[in-house]
Amino acid sequence: MPPQPLYKRVLLKLSGEALMGKREYGLDNDTVRAIAVDIGDVVAMGVQVSVVIGGGNLFRGVSGAAAGMERAQADYIGMLATVMNALAMQAALERTGLASRVQSAIPMESVCEPYIRRRAIRHMEKGRVVIFGAGTGNPFFTTDTAAALRAAEMNCDAMLKGTQVDGVYSADPKKHPNAERFESLSYHEVLSRDLQVMDASAVSLSRENRIPIVVFSIHDRGALAAVLRGEGRCTIISEQG
Ligand code: UDP
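A quick note: this is a predicted structure, and the numbers were derived from the prediction, not measured.

Participant: Could you clarify how one ought to interpret the overall build of the protein chain in this entry?
Facilitator: The number of helices and strands found in the protein chain is 8 helices and 11 strands. Since a compact globule built from 241 residues should have a radius of gyration of about 18 Å, the 17 Å found for the protein chain is in line with a globular shape. Taking the principal axes of its C-alpha atoms as reference, the protein chain extends roughly 45 × 40 × 35 Å. Scored against the burial criterion, the 241 residues of the protein chain give a buried share of 52%.

Set out below in structure tokens:
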């Protein structure tokens, strides 16, 4: 018998940039496909999976605002960008033979389902991957916060944050080779040391709902399944640290 996965139901948070591969902008199909295969591996382990994808590879509200657009308007463009990424991921999941549903916080009935909490849970129970698009549906928020919110609503056992590196470091390890890497951290340490892993509201929301945040590298193939087997390289953020 293969070992039981560490968590039964998870929410995977990916930044839009995780889908860019080596490109400067937009989507790289091979990268999206490879992540879909990784998701398929954990579904095969019996884990229920939901996904929140950012939109930073296409549009960020702050950049629009910096260019003179009203911030709320720019944020709506950002939210629509996350729906494009969600649809691309759905297409890739389907190509690997996985059933999935996209649910958008901004209703788009001819494109995907609206966000309905109980329906999303039902999809997961049936083994379908649920991808949440349009963030929280509100401007001035981020998809990190949307991920923490959906993880709580879905009663997830953990939020898995796929990043560029294999955990949380004291500084960006690409710029500071001597940066310290943490095996585990408390929510308090992340907030008080201002460690740049997720925005503070996402960390606080996860803390209130006692949902551990597991930070791992989305670029290491198989790392997602390894984390769920309890073998992967990652940093676990929880109350006790
Ligand atoms: N956004 C928003 N409300 C939300 C989630 C996202 O307004 O609840 C907008 C915001 O403009 C943000 C953009 O969508 O810049 C893309 O999301 P994010 O920056 O979180 O993406 P990531 O950095 O994860 O790629």
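Participant: When you look at the site of the ligand in this model, what are you seeing that I'm missing?
Facilitator: Neighbouring residues of the ligand: 20 residues in total, closest R60, D75, T136, N138 and T143. Here G56 contributes a backbone N or O atom positioned 2.8 Å from an oxygen atom of the ligand. Within the side chain of R60, an N or O atom sits 2.7 Å from an oxygen atom of the ligand. With the chains in place, 92% of the 520 Å² that the ligand exposes on its own is no longer accessible. Cavity membership is defined here by more than half of the atoms lying within 2 Å of grid points; on that basis the ligand lies in the largest pocket. At 3 residues, helix α3 (residues 71-95) tops the list of elements feeding residues into the shell around the ligand. Of the residues contributing to the shell around the ligand, the split by class is 5 nonpolar, 12 polar and 3 charged.

Participant: What is the right way to look at unusual backbone geometry in this model?
Facilitator: Note: most residues except glycine have negative phi, and most peptide bonds are trans. Backbone geometry places D194, a non-glycine residue, at a positive phi of 55°. Looking at where D194 falls in the secondary structure, it is placed in the loop between α6 (187-192) and α7 (200-208). At R210, a position not held by glycine, the phi torsion is positive, near 55°. Owing to a relative accessible area of 71%, R210 belongs among the exposed residues under this scheme.

Participant: Please clarify how the side chain of D38 should be interpreted in this entry.
Facilitator: One can find D38 in helix α1 (residues 29-44). Of the residues examined, D38 reaches a relative accessible area of 5% and is grouped as buried. Sequence-distant contacts of D38, that is, excluding residues within four places in its chain, are made with D220, R221, G222 and L224.

Participant: Just to check I follow, could you spell out helix α4 (residues 117-125) for this structure?
Facilitator: Owing to its 3.6 residues per turn, the α-helix aligns residues three or four sequence positions apart on the same side. For α4, the full list of buried residues reads A120, I121, H123 and M124. Looking down the long axis of α4, one finds its buried residues gathered within 155° of arc, a one-sided arrangement. At the exit of α4 stands G127, carrying a positive phi of roughly 90°.

Cut-off values and rules
- Starting afresh in each chain, residues are numbered from 1 along the sequence in its written order.
- Reporting in this predicted model follows two pLDDT cut-offs: at least 70 for local features of residues, and 80 or more for side-chain atom pairs to be given and counted; totals over whole chains, interfaces and linings ignore these cut-offs and use all residues.
- Side-chain metrics rest on all non-hydrogen atoms present in the structure, leaving aside hydrogens and water.
- Starting at the N terminus, helices and strands are each numbered in turn, a helix being any DSSP run of H or I of at least four residues and a strand any DSSP run of E of at least two.
- The reference for a compact globule is 2.2 Å times residues^0.38; the radius of gyration itself is calculated from the C-alpha atoms.
- The rule is simple: take the accessible area with a 1.4 Å probe, protein chains only, and divide by the maximum for that residue type; under 20% is buried, over 50% is exposed, in between is partly exposed.
- A molecule or strand has a residue near it when one of that residue's heavy atoms lies within 4 Å.
- Under this definition, polar contacts are N or O atom pairs within 3.5 Å; protein pairs additionally need one hydrogen-donor-capable and one acceptor-capable atom, and for neighbouring residues in sequence, both atoms have to be side-chain atoms.
- Note on areas: these come from Shrake-Rupley sampling with a 1.4 Å probe, and a residue is covered only by the protein chains present in the view.
- Only protein atoms enter the calculation, which uses a 1 Å grid: trapped sets of points that fit a 1.4 Å probe without letting it out are cavities, open sets showing protein on both sides within 12 Å along at least five of seven lines are pockets, and any residue with an atom within 4 Å of a point is a lining residue.
- To qualify as sitting in a cavity or pocket, a molecule needs more than half of its atoms within 2 Å of the grid points.
- The classification used treats Ala, Val, Leu, Ile, Met, Phe, Trp, Tyr, Cys and Pro as nonpolar, Asp, Glu, Lys and Arg as charged, and all other residues, Gly among them, as polar.
- Here, two residues are considered to be in contact whenever any of their heavy atoms come within 4.5 Å of each other.
- The directions from the helix axis to the C-beta atoms are what the arc is built from.

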